[in-house]
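Chain residues, written in single-letter form:
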Amino acid sequence: MVLNYIWIAFFLIAFVVALVKLTVMGDLEVFPAMMDATFAQSKTAFEISLGLTGVLALWLGIMKIGEKGGLVSALSRWLSPVFTRLFPDIPKGHPVTGSIFMNLSANMLGLDNAATPMGLKAMEQMQELNTRKDTATNPMIMFLVLNTSGLTLVPVSILVYRAQMGAAQPTDVFIPILLATFFSTLAGVIVTSLFQRINLLSRTLLLTLGGMCLAVAAIIWGFSRLSPVVMNQVSVSVANILLMTIIVGFILAGMRKRVNVYDAFVEGAKEGFTTAVRIIPYLVAILVAIGVFRASGAMDWLIDGVRWLVGALGFDTQFVEALPTALMKPLSGSGARGMMVDTMTTYGADSFVGRLSCIFQGSTDTTFYILAVYFGSVGIRHTRHAVTCGLLADLAGIIAAIFIAALFFGG
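A quick note: this is a predicted structure, and the numbers were derived from the prediction, not measured.

Rules and cut-offs
Residues numbered from 1 in each chain as written. Predicted model: local features only at pLDDT ≥ 70, side-chain atom pairs only at ≥ 80, totals over all residues. Heavy atoms only, no water. Helix = DSSP H or I, 4+ residues; strand = E, 2+ residues; numbered from the N terminus. Rg over C-alpha atoms; globule rule 2.2 N^0.38 Å. Contact = heavy atoms within 4.5 Å. Lys, Arg positive; Asp, Glu negative; His and termini not counted. Charge placed at Lys NZ, Arg CZ, Asp CG, Glu CD. Salt bridge = Lys/Arg side-chain N within 4 Å of Asp/Glu carboxyl O. Buried < 20%, exposed > 50% of the residue type's maximum accessible area, 1.4 Å probe, protein only. Phe/Tyr/Trp six-rings, centres within 6.5 Å; stacked < 30°, edge-to-face > 60°. Axes fitted to C-alpha atoms, helices over the stretch in contact; angles between N-to-C directions. Parallel < 35°, antiparallel > 145°, perpendicular 65-115°, else oblique. Left-handed = near helix turned anticlockwise from the far one by under 90°. Nonpolar A, V, L, I, M, F, W, Y, C, P; charged D, E, K, R; others polar.

K.L.:
Tell me about the overall build of the chain, residues and numbers included.
P.N.:
A tally of helices and strands in the chain yields 18 helices and zero strands. Against the globule reference of 22 Å for 411 residues, the chain gives a C-alpha radius of gyration of 22 Å, in line with a compact fold. Its C-alpha atoms give the chain principal-axis dimensions of roughly 70 × 45 × 40 Å. In the chain, the share of contacts with a sequence separation of at least 24, taken over all contacts with a separation of at least 6, comes to 78%. For the chain, the distance from the average position of its 26 positive side-chain charges to the average position of its 22 negative side-chain charges is 14 Å.

K.L.:
Quick one: what's the story with the pattern of salt bridges, residue by residue and with numbers?
P.N.:
One pass over the structure, following the stated rule, counts nine salt bridges. With a shortest N-O distance of 4.0 Å, K64 and E267 are connected by a salt bridge. Here E267 lies in helix α11 (residues 261-278) and K64 lies in helix α2 (residues 30-69), a separation of 203 residues in the sequence. Residue K64 is classed as buried on the basis of its relative accessible area of 9%. Of the charged contacts in the structure, one is a salt bridge between E321 and R307, with a shortest N-O distance of 3.2 Å. Of this pair, E321 sits in the loop between α13 (298-312) and α14 (323-328) while R307 is found in helix α13, placing the two residues 14 residues apart along the sequence.

K.L.:
Residue-level account of the packing of aromatic side chains, with values.
P.N.:
Tallied over the full model, the rule gives seven aromatic pairs. Between the aromatic rings of F15 and F31, the centroid separation amounts to 5.8 Å while the plane-to-plane angle is 70 degrees, which identifies the pairing as edge-to-face. Here F15 is found in helix α1 (residues 2-23), whereas its partner F31 is found in helix α2, with 16 residues between them in sequence. Under the relative-accessibility criterion, F31 is labelled partly exposed at 25%.

K.L.:
Could you give an account of the packing of helix α6 (residues 138-148) against helix α17 (residues 367-377), with specific residues and numbers?
P.N.:
Running from amino to carboxyl end, α6 crosses α17 at an angle of 140 degrees, the nearest separation of the two axes being 10 Å. By the criterion of interaxial angle, the relationship of α6 to α17 is oblique. Remark: the crossing between α6 and α17 carries right-handed chirality. Counted together, M140, F143, L144, N147 and T148 of α6 and T367, I370, L371, Y374 and F375 of α17 form the full contact between these two elements. A class-by-class count of the residues in the contact of α6 with α17 yields seven nonpolar, three polar and no charged.

The structure is reproduced here in structure tokens:
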């Protein structure tokens, strides 16, 4: 229901802004631009779904081999102590816990192409446990928030963009991004747990969260001792080695169980094709609304309003120039990426604003895109508190990014 109101608001706000620009400012281009955006974004939504088809077929095929080979079940049993507390409505040892773990691991390594199929598989498995097929369950919402909070240990693409834009040290935002995205994820878990009355003070969860903090600290320490070139090489190599290890490991597990791995792969790949087709309407709906909102100039007015308010309160408005990236990120990954590049082009890759835009880009994920794809893949219409928790996690990431950027780069 919340997503429905937000979708309507995008169109109504965009229409009102466009009317003002037409009648008051005499802008004759605004309505043609909005209509162009509807067609362009519809095409983009289809192209995204088409592009996902092959990747979904590949990874859902591999996942099917892992299921029949017993690896996913083994992983589920291993993770049960933690997952039974964080996802109490999922039966102990259910295969979905393995899918969730693999999705989150792929996200942390920045492996978007692998993370999405694994996440869609997890949603399908959780939907099997759902007694109200059109309404999101608590485990679905917790899983979505963990995805939208965007915990990424290796933000390779951002580092590459910084190098292309002429940054003296492209990797100087690595630690700030890691810290900001960690706070975003932690906030998402806490907020969702409060909504769902999950006890985060249990010994198992405290040890897990503490272990994650130590792991993040170790990664920060290890990467901080590498040169920028070596850091990029190590991160890319580790990601690719892990991916290939997963593929070969699943195949070997299938062979050990005497599974016909080829037939199992084809069976899973067919599911991938069906899923890709099923998400097209949901992607069209959300991307068209976002495109109209941007084309109307409403986003620019929002930024100007924030700048005025911050200035009126007596605070430094320097960080506001990077806000377009932060505000666009929950709506569109490519849009936020474009904002980030534009900010670095305008102010310089090594400026405070340029660096902050990169931290914004890495601190959270595309909340509405993820909600549209994941919930759309299983026909969920009532999202309950998913949007609220996801946006609060995004807000925590934005606030953390501003303070962390000020700490590291003296804005």
